[in-house]
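Okay, here's what each chain looks like letter by letter:
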Amino acid sequence: MAQDPLHVLWVEPHFPGRLGAVADWLVRHRGYRCWFYCHTAEAREHWPASVGRGLELQVFGVGGAAREQAVAWSRTLERSLCYSYGCWEVLEARRPRPIDLIVGRSAGLGSTLFAPVYAPAPPRVNLFDYYFHPRQNDLAAEIAADTATAYVHWRRSANAIELLDLEQCDLAWTPTHWQRHLFPPEYRHDLWVQHDGIASAGPADNTPRNVRAARRSLAGRVVPEGTRVISFVARSLERLRGFDRFWHTANALLRARADLICVIVGDPVVQRGLDVQHHNQDYPSYLRKAVAPSDPERLWFLGRTTPSAVAEVLAASDLHLAPGRPYPVARSLLEAMAAGCVVLASDTAPHREVISDGQTGLLADVADPDALYRRALSVLDDLAEHRPLGEAAAERVRSRYSQEVCLPVLAERFSMMAATRRGE
Amino acid sequence: MHVLFLHDAFPAQFGRLGLELKRCHGWKCSFLVQSLSSCPTPTTEMLESLDLHQLPLSAEHRSSDGIPWPQIFGMYLEQCQTVFDAVRARPNLRPDLVVAHGGRGAPTLFLKDLLDCPIINYCEYYFATSHRDISYRIDLPPAEPAPFFPRCINAPTLASLVDCDAGYSATHWQKQSFPARFHSRIEVHFDGIDTALYRPGPAPRRIGEASLPQGTKVVTFVARGLESIRGFDLFMQVAARICRQRTDVLFVVVGGEEIHYGWDKLHTGSPSFKQWVLSQGDHDLSRFLFLGRILPEHLADILRLSNLHIYLSAPFVVSWSLFNAMATGVPVLASDVPPVREVVENGVNGLVEPLFDIDRLTAVALEVLADPAGFSRLGKAARRTIEETYSIESCIPPIKDFFERVAILGAGDSIKELSRDPSRDRLV
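Parameters at a glance
Residues numbered from 1 in each chain as written. Chains lettered and ligands numbered in written order. Predicted model: local features only at pLDDT ≥ 70, side-chain atom pairs only at ≥ 80, totals over all residues. Heavy atoms only, no water. Helix = DSSP H or I, 4+ residues; strand = E, 2+ residues; numbered from the N terminus. Rg over C-alpha atoms; globule rule 2.2 N^0.38 Å. Buried < 20%, exposed > 50% of the residue type's maximum accessible area, 1.4 Å probe, protein only. Contact = heavy atoms within 4.5 Å. Areas by Shrake-Rupley, 256 points an atom, 1.4 Å probe, with all protein chains shown as cover. Lys, Arg positive; Asp, Glu negative; His and termini not counted. Charge placed at Lys NZ, Arg CZ, Asp CG, Glu CD. Pairing = 2+ DSSP bridges. Axes fitted to C-alpha atoms, helices over the stretch in contact; angles between N-to-C directions. Salt bridge = Lys/Arg side-chain N within 4 Å of Asp/Glu carboxyl O. Polar contact = N/O pair within 3.5 Å; in protein donor to acceptor, adjacent residues only side chain to side chain. Nonpolar A, V, L, I, M, F, W, Y, C, P; charged D, E, K, R; others polar. Phe/Tyr/Trp six-rings, centres within 6.5 Å; stacked < 30°, edge-to-face > 60°. Lys NZ or Arg CZ within 6 Å of the ring centre and 35° of its normal. Arc of directions from axis to C-beta. Core = buried A, V, L, I, M, F, W, Y, C linked by side-chain atoms within 4.5 Å.

Turning to the overall build of chain B, a few remarks are in order. Secondary structure summary: chain B contains 17 helices and 15 strands in total. The C-alpha atoms of chain B give a radius of gyration of 22 Å, which matches the 22 Å a tight globule of 428 residues would have. In terms of its C-alpha atoms, chain B occupies a principal-axis envelope of roughly 70 × 50 × 45 Å. Within the span of chain B, comprising 428 residues, buried residues form 61% of the whole. Restricting to contacts in chain B with at least 6 residues of sequence separation, those with at least 24 account for 71%. Of the roughly 16700 Å² of accessible surface on chain B, 51% is carried by carbon and sulfur atoms. For chain B, the centre of its 42 positive side-chain charges and the centre of its 49 negative side-chain charges are spaced 2 Å apart.

This is the structure we're talking about:
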């Protein structure tokens, strides 16, 4: 199937967000020409290579509820509509043409809902990440009972923009089967499951990990030879990604082994509103007050850092912990697997989709408070025996979740949609 | 069986149904309502025998006028919260079944945190982004929200629909307005027309204080609001042409000046679509009686006087007035649009012509007025259609059966569950 170059309009509240890397790959590997409409953008050093060279960035403003610092739970759709409207206003002003395809991701805010008012003909693809259940998944099962009624009411109402996007798009796209399963049964059949892929970390370092382990350094600090390294990586150090579990496990491991350091990457401030109890707070500080670290010198907090620094951490890691709640699989988990880390994750449905316990990683029942600790300790006690798990993990990502595998499939689907609309 | 009905207004779709279920089957029927309706009004028996609970009215709930379109979903959520608070405050109100009107989304979103019973949505309508309902009248000047509002107006409907246990629509066309993915969960059950009230027969030849001269022909037009979606402007064009051809016709127009659907105020710049229409043409208003809103008994008398009922709706939910006119045995001339064609078969139980074809509509209306006896068979067939398919007597038994089936299945074990293809639910 030909994968023709297309003109694509991308809309996502934040750039590069999730779609930026996809657009970038399609520009560089398939000759696409793209307009990427967003409300905010990361600092320039986080932009992909093709910006200004086939990927044109356009920022749109928002008005009304979207300009407020925070809105009441009952106004979340109003805010989403402000994003969608803001995008439409700039489309009308800039009038990008031609457009073969529109691809959007609302990400709980808003994206392409009104784009067809400007461009009614092109097919519309939407990427769907998550569908809220009132008392299940993420942190809901743990906090809904102790939180104000409005929290559950918000969760029952927060899917409105997703439902509107689902009804009006031509292709509903979601990265994993677990994410598809979150959506109401009426929509599941139409949700196309295709992962958007993990970028390869650059030219492969074929040095065996045991050789590499002898000369490791992280963020300018040398890791002493013979030291075991465990890693935790997340956008922010929050309960959703299991940082509380990591904290308790790491403390126990530090007590058990004097040759261990724990390397932690992520913003200490909780960014997602899902954790209503700690949102916008420094969660590691909260944990430190509750349970003092057994050896602070061996807890290396790197903060939010660059992709290359993350790659360095993962290359040095002997064991990567991902003890998060049921939520879409973190890219850092797939990146750890791609780097050949031995991964120990919470035994949740989303993790089971990418990790086969005992084959491509390890899963621990978090209902048993010691299970994570016991499995981690067994890995640290015998790294060589567990090394095949890391190698199998890297192969799993290479074969199923790499950009080189995933994005040609996406390009083919996009090509077919555009051709169908042209009547070919 | 104890059913809790939820609707902004009472009696609306559910009052008469509740009364019949109580009177004939001994069910307990409770209602959470915001206001008593003036179209139609509740009967004394309804007020005395049904279990009515008044919801508090916030400023936003009193009128939807002036609420910016992006805030409609927020208003819906506040209504859901109001219903939630009202049920929580009434611990004795624990029904076997909730039946909720979903015209702007059934306000049931939070009830599953309180009630362990199935929820049925009355799936009145799902708005289109073009070619139907409020987007149909492209002949009128454009209104600023027109491209945007239809793309978000269904959010309350979708939120309540994915959450309910079953749904029903009044007609097949209304069911088809919903996305196909939901069709297996929506049954079709019409509300039921009161054929004892709306029946053929003699009526006093007077309207209000005015008596009707012998030989005067009556043409009726009825709508809750005299607005573009119901074709009031097109009716006035047809009426003006009939006036030029015949001097013996009186046009009786029933309906308020409120705008219930669409953007007539924005289309015209006038607060009243009726006044805007009247200002556009050279109408001989001595030939018209504008009655505003009237009681059902009065409407039934007027329909019995009618020689021709004109119904020129855009493709949208068919008005009760069309069913009422047919039940009364009046020949009906209606717009040839799919929701009307579900009820009216051209030349059999009524007449249909293209909505915008003023020439055809006028010609056919004049044919009927020239030979009322010749067209009386259409009125008789219309009455039969209503008796057999749309009367209270024919509609309530299947609705009762539907309610019982859903109630027996229980919450979460509903039609939604039974109709689901298990092979689609596999995670991987």
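Our next topic: the sheet that holds strand 1 (residues 2–10) of chain B. Hydrogen bonds along the backbone pair up the strands of a sheet, which may run parallel or antiparallel. Residue and element names in this part refer to chain B. Ordered by their spatial adjacency, seven strands build an open sheet running 3-2-1-4-5-6-7, and the pairing between neighbours is parallel. Only two strands of the sheet have a single neighbouring strand rather than two, namely strand 3 (51–54) and strand 7 (186–188). Ignoring strand direction, the axes of neighbouring strands in this sheet form an average angle of 25 degrees. The pairing of strand 6 (residues 166–169) with strand 7 spans three bridges and is parallel. Bridging from a neighbouring strand, Ser 169 pairs with Val 188 of strand 7. Its contacts with the sheet place helix 16 (residues 392–409) against strand 1, strand 4 (97–101), strand 5 (119–122), strand 6 and strand 7, and it is angled at close to 170 degrees to strand 6.

So, about the interface of chain A and chain B. At the junction of the two partners, chain A supplies 36 residues and chain B supplies 37 residues. Between Glu167(A) and Arg181(B) there is a salt bridge whose closest N-O contact spans 3.0 Å. Here chain A and chain B share nine residue pairs in polar contact (both at pLDDT 80 or more) between them. With six residues, the single largest contributor to the side of chain A that touches chain B is helix 6 (residues 160–168) of chain A. Looking at side-chain class alone, the side of chain A that touches chain B contains 20 nonpolar, eight polar and eight charged residues.

Attention now moves to the packing of aromatic side chains. The full count for this structure, using the stated rule, is 54 aromatic pairs over all chains. Seen from their ring centres, Tyr261(B) and Phe316(B) are 4.7 Å apart, and the 70 degrees between their planes marks the pair as edge-to-face. In this pair, Tyr261(B) is assigned in the loop between strand 11 (249–256) and helix 9 (264–268) and Phe316(B) in the loop between strand 13 (308–311) and helix 12 (320–328), connecting sequence segments 55 residues apart. On the basis of relative accessible area, Tyr261(B) is assigned to the partly exposed category, the value being 22%. In textbook terms, an aromatic cluster arises when at least three aromatic residues are bridged by ring pairs, as seen for Phe5(B), Phe10(B), Phe14(B), Phe31(B), Tyr122(B), Tyr168(B), Phe402(B) and Phe403(B). One residue, Arg288(A), lies across the ring of Phe301(A), its end atom 4.9 Å from the ring centre. The ring of Phe290(B) carries the charged tip of Lys274(B) above its face, separated from the ring centre by 4.3 Å.

The next point concerns helix 12 (residues 307–316) of chain A. Residues and elements named next belong to chain A. Of the residues making up helix 12, those classed as buried are Ala 309, Val 310, Val 313, Leu 314 and Ala 316. Along the long axis of helix 12, the arc covered by the buried residues comes to 165 degrees, so they all point the same way. Exposed and facing more than 90 degrees away from the buried side of helix 12 are Pro 307 and Ser 308.

It is worth spelling out unusual backbone geometry at this point. In this structure, Pro16(A) follows Phe15(A) across a cis peptide bond, with omega equal to 0 degrees. Relative to the helices and strands, Pro16(A) resides in the loop between strand 2 (14–15) and helix 1 (20–30). Following Phe10(B), the chain continues into Pro11(B) via a peptide bond in cis, with omega recorded as 10 degrees. For Pro11(B), the position within the fold is in the loop between strand 1 and helix 1 (15–25). Not every positive phi belongs to a glycine, and Ala12(B) is a case in point at roughly 40 degrees. Tracing the sequence through the fold places Ala12(B) in the loop between strand 1 and helix 1. For Ala12(B), a relative accessible area of 14% translates into the label buried. A positive phi angle, close to 65 degrees, is found at His131(B), a residue other than glycine.

Below, the discussion takes up the nonpolar core. Tyr37(A) and Val98(B) are the most contacted members of the largest nonpolar core, which has 100 residues in total. Aside from chain neighbours lying at most four places away, what touches Tyr37(A) is Leu9(A), Trp10(A), Val11(A), Glu12(A), Gln58(A), Phe60(A), Cys87(A), Val90(A), Leu91(A), Arg94(A) and Pro96(A). Of all hydrophobic cores here, the second largest spans 64 residues; its members include Ile207(B), Leu303(B), Val330(B) and Val343(B).

Along the chain, Ala106(B) falls in the loop between strand 4 and strand 5. Excluding residues within four positions of it along the chain, Ala106(B) makes contact with Tyr76(B), Cys80(B), Ala100(B), His101(B), Asn121(B) and Ser160(B).

Here we take up helix 6 of chain A. For helix 6 of chain A, a buried count of eight out of nine residues is recorded, marking the element as mostly surrounded by other parts of the structure. Of the positions making up helix 6 of chain A, those classed as buried are Ala160(A), Ile161(A), Glu162(A), Leu163(A), Leu164(A), Asp165(A), Leu166(A) and Glu167(A).

Let's shift gears to the pairing of strand 3 (residues 33–38) of chain A. All names here are of chain A. Among the six residues that make up strand 3, five are buried, leaving the element largely enclosed by the rest of the structure. Looking at chain direction, strand 1 (residues 7–11) and strand 3 are connected through five bridges and run parallel. Pairing of His 7 across the sheet is with Arg 33, part of strand 3. With five bridges connecting them, strand 3 and strand 5 (residues 55–59) associate as parallel partners. The residue of strand 5 that forms the bridge with Trp 35 is Glu 56.

Before going further, it helps to spend a moment on the packing of helix 13 (residues 331–338) of chain A against helix 16 (residues 383–401) of chain A. Residues and elements named next belong to chain A. Following both chains from N to C, one finds helix 13 and helix 16 inclined at 115 degrees, their axes separated by 7 Å at the closest point. Residues Leu 334, Met 337 and Ala 338 of helix 13 form the contact with helix 16, whose participating residues are Gly 390, Ala 393, Ala 394, Arg 396, Val 397 and Tyr 401. Its residues placed into classes, the contact of helix 13 with helix 16 shows seven nonpolar, one polar and one charged.

Residue and element names in this part refer to chain A. Strands sit in the order 14-13-12-15-16-17 across an open sheet of six strands; the sheet is parallel. A strand with exactly one partner marks an edge of an open sheet, and here the two such strands are strand 14 (299–303) and strand 17 (362–364). Across the sheet, the mean angle from the axis of one strand to that of its neighbour is 20 degrees, orientation sign disregarded. With three bridges joining them, strand 15 (residues 319–322) and strand 16 (residues 343–346) adopt parallel strand pairing. Pairing of Ala 322 across the sheet is with Ala 345, part of strand 16.

Our focus in this paragraph is the environment of Thr328(B). Residue and element names in this part refer to chain B. You can see Thr 328 is positioned in helix 12. In the structure, Thr 328 is positioned 63 residues away from Lys 265 in sequence and 33 Å away in space, judged by C-alpha atoms. With residues near it in sequence (within four places) discarded, Thr 328 still touches Tyr 198, Arg 199, Pro 200, Ala 300, Leu 303 and Arg 304. Within the structure, the side chain of Thr 328 is placed 2.6 Å from the backbone oxygen of Asn 324, a separation counted as a polar contact.

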